[in-house]
Amino acid sequence: MKIEVDFQPIGKHVEIDSGTTILEAAQEAGVGISAICGGAGSCGACRVRLDDQEHVSKPNETEIKVLDSDDLASGIRLACQTEIYGPTRVDVPPESMTATQRTQVEGEEISFEFESPIKILDLTLTKAEAIDLQADFERLSAAVLTNNGSTLHCRRMNVLKQIPGLLRGNKWKIQVGLRGDELVSVSAPGTPLLGMAVDIGTTKVAGYLVDMASGKTLALKGIMNPQIAYGEDVMARITYSLMHENGSDVLQKAIIHALNELAVDLCALAGAGDDTDAPVYLPTQIVESVMVGNTAMHHLLLGLPVEQLGLSPYVAAVSSPLDVKADEIDLAFSPGATVHLLANIAGFVGADHLSMLLATDTHKKKGVVISLDIGTNTEITLVAHGRMIACSTASGPAFEGAHIHDGMRAADGAIERVQIVDNKLAFQTIGHTAPVGICGSGILDAIAQLKLCGAMNEKGALDVKHPLVRKGEKLPEVLLAAAAITGNGHDIVLTRSDINEIQLAKGAMRAGIELLLDAAGVTAADVDEFIIAGAFGSYISVEAAVGIGMFPDIPIDRFRQVGNAAGIGAKQALLSTTRRAEAAGIADRVEYLELTVSEQFQAQFLKALYM
Ligand code: FES
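Here we summarise the structure given alongside this text.

Basis of the calculations
Residues numbered from 1 in each chain as written. Predicted model: local features only at pLDDT ≥ 70, side-chain atom pairs only at ≥ 80, totals over all residues. Heavy atoms only, no water. Salt bridge = Lys/Arg side-chain N within 4 Å of Asp/Glu carboxyl O. Buried < 20%, exposed > 50% of the residue type's maximum accessible area, 1.4 Å probe, protein only. Core = buried A, V, L, I, M, F, W, Y, C linked by side-chain atoms within 4.5 Å. Helix = DSSP H or I, 4+ residues; strand = E, 2+ residues; numbered from the N terminus. Contact = heavy atoms within 4.5 Å. Pairing = 2+ DSSP bridges. Axes fitted to C-alpha atoms, helices over the stretch in contact; angles between N-to-C directions.

**Observations regarding the pattern of salt bridges**
Part 1 of the reasoning: Using the criterion set out here, one finds 27 salt bridges in the structure.
Part 2 of the reasoning: For R139, the salt bridge identified is with D132, shortest N-O distance 2.9 Å.
Part 3 of the reasoning: With relative accessibility at 25%, the residue D132 sits in the partly exposed group.
Part 4 of the reasoning: Between E477 and R470 there is a salt bridge whose closest N-O contact spans 2.8 Å.
Part 5 of the reasoning: The class for E477 is buried, based on a relative accessible area of 10%.

And the structure:
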């Protein structure tokens, strides 16, 4: 017998089998509950509230370990551990939701020449008659040879199938899309041919719809990566695919479904407006796509094995650029559409970083330049004396608000800015709503400000004598917002353990920067430009990051926050064959520095823990 589960305040219902966990039910219902550890019961991110626990399992040992007695008394449970045996209503607090996060789609654009990989031809063929019985495809091939000098190939039966109807329905006029000699699309004259560039992040996905005839961007949109429901970071997803039968298939289907929906949304956005004569845009008009992501996202998209990415020496299944037919991975684009995937640099430095280097022209820089993209893994490239050296550091999910007492993603109600003046603390929340937690940029600000006002020392210890510091349950803490003004009726605090989490994250990043500088024989003082990409990197205060030693202490005007450069790079590779070739050249040129085997890493890391 099926059991009804009601998710609030989202208002989604789902029918499930008895014994299903709340997290599994949420995944089935499409409710995005954070699951950083992939359901292992260790992260505590999947907290939900149950007012009535009559039809669910009793708290197990894992829950008793992760949740405190106050949590349990107020009905808080871990969604991944709680099994449902009868009709249940589940309240998902905003800090446990994944679906409302601020996503970053825009990025700094540079000019480049539009050189579409798709050639569009409008042809008029001679009508078939009793005295001219040439078959339709051969008739079209002859016209292409005359007009374009190329010998036509068609790799998709579903493209071929459209030709007879189109010719007869449009008085023997037809528009063709060519990718080199390959016929990738046939359509009625005037039909817009589209391209879609996508940056598949571990957390967020940014999509861009472009007109392949003009190079114009028609629409852009950011969504959450639905794979979050199966594990928040790369390792958790690899673990999920290892531990579950068909785990990789489940993850692949989740991202493909999201990409197909994103294509529909982008087309709707592009066609929105008052102009009734405006063209109609459909995903089936997408003839070319460029997708970038870290190596694990790339492999999961293509259905490639990911097991080896989770084990030292972290080797990719393939690193070269790839052309894949969209229908091979169930993307509902034009039947002949191709998806181009930029090269991966190494196991943990993927095509998204390559794309960011392309978008920022890092490879063309003179002098000493650092380009980094902050995420659960931070990829860093240093350009110095003509060399490009890259590394990846495990900065962990703390900047995403995970493992932080009141941490949350950058969604409405998250404290994103903190200021302390005369020992008085002020903050700003995303959406200017009542605070319900604190996100990465807020945590960085808070720590930098606590250091400035003397409430925290360089080791990260809080001074209990300082007026802003109070005794916490176990260790000292700072009250950021009192229960009376918060949106969830709880105090929002920053604890000593939170500071420790940030120390570990920023320590790893800074150690990576220092080791790259060492490898190139330069110092931080030599750095002419420091480029910060990615959503988190766009919202942080650079002063705060320098203040806590996350970035080297160089003049502030040498830092540049460029937004979603990976997405912009994907768009450039979509619209320019030259830029696409440049990307391949960067991948060949970058030297990869593996930090896990570096003897100096530990020493640099310990040094970098200081604030
Ligand atoms: S504790 Fe439930 S997903 Fe991590």
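On we go from here.
**Comments concerning the nonpolar core**
Part 1 of the reasoning: Ranked by size, the top nonpolar core spans 64 residues in total, and within it I374, F530, M550 and F551 carry the most contacts.
Part 2 of the reasoning: Here this core gets 11 residues from one element, more than from any other, and that element is helix α12 (residues 496–520).
Part 3 of the reasoning: Leaving out residues up to four positions away in the same chain, M550 has contacts with I374, F399, L444, K506, M509, R510, I513, I540 and A545.
Part 4 of the reasoning: Membership of the second largest hydrophobic core comes to 44 residues, among which are L194, I238, I255 and L262.

**Comments concerning the sheet that holds strand β6 (residues 119–124)**
Part 1 of the reasoning: A sheet is described by the order of its strands in space; here 3 strands give the open sequence β6-β7-β8, paired in antiparallel fashion. Strands at the two margins of the open sheet, each flanked by one partner only, are β6 and β8 (182–187). Across this sheet, the average inter-strand angle for adjacent strands is 30°, counted without regard to direction.
Part 2 of the reasoning: Running at roughly 115° to β6, helix α4 (residues 136–148) makes contact with β6, β7 (173–179) and β8 of the sheet.

**Description of the pairing of strand β16 (residues 378–384)**
Remember that side chains alternate between the two faces of the sheet whenever the strand is regular.
Part 1 of the reasoning: A large share of β16 lies buried, amounting to 7 of its 7 residues.
Part 2 of the reasoning: Burial along β16 is two-sided: T378, I380, L382 and A384 and E379, T381 and V383, pointing in opposite directions, are all buried.
Part 3 of the reasoning: As paired elements, strand β15 (residues 369–373) and β16 share 5 bridges and run antiparallel to each other. Among the inter-strand pairings, V369 is bridged to a residue of β16, identified as V383.
Part 4 of the reasoning: Hairpin connection from β15 to β16: 4 residues lie between these consecutive antiparallel strands.
Part 5 of the reasoning: As judged from the 7 bridges shared by β16 and strand β17 (residues 387–393), these two strands associate in the antiparallel manner. Its bridge partner lying in β17, A384 is registered against R387.

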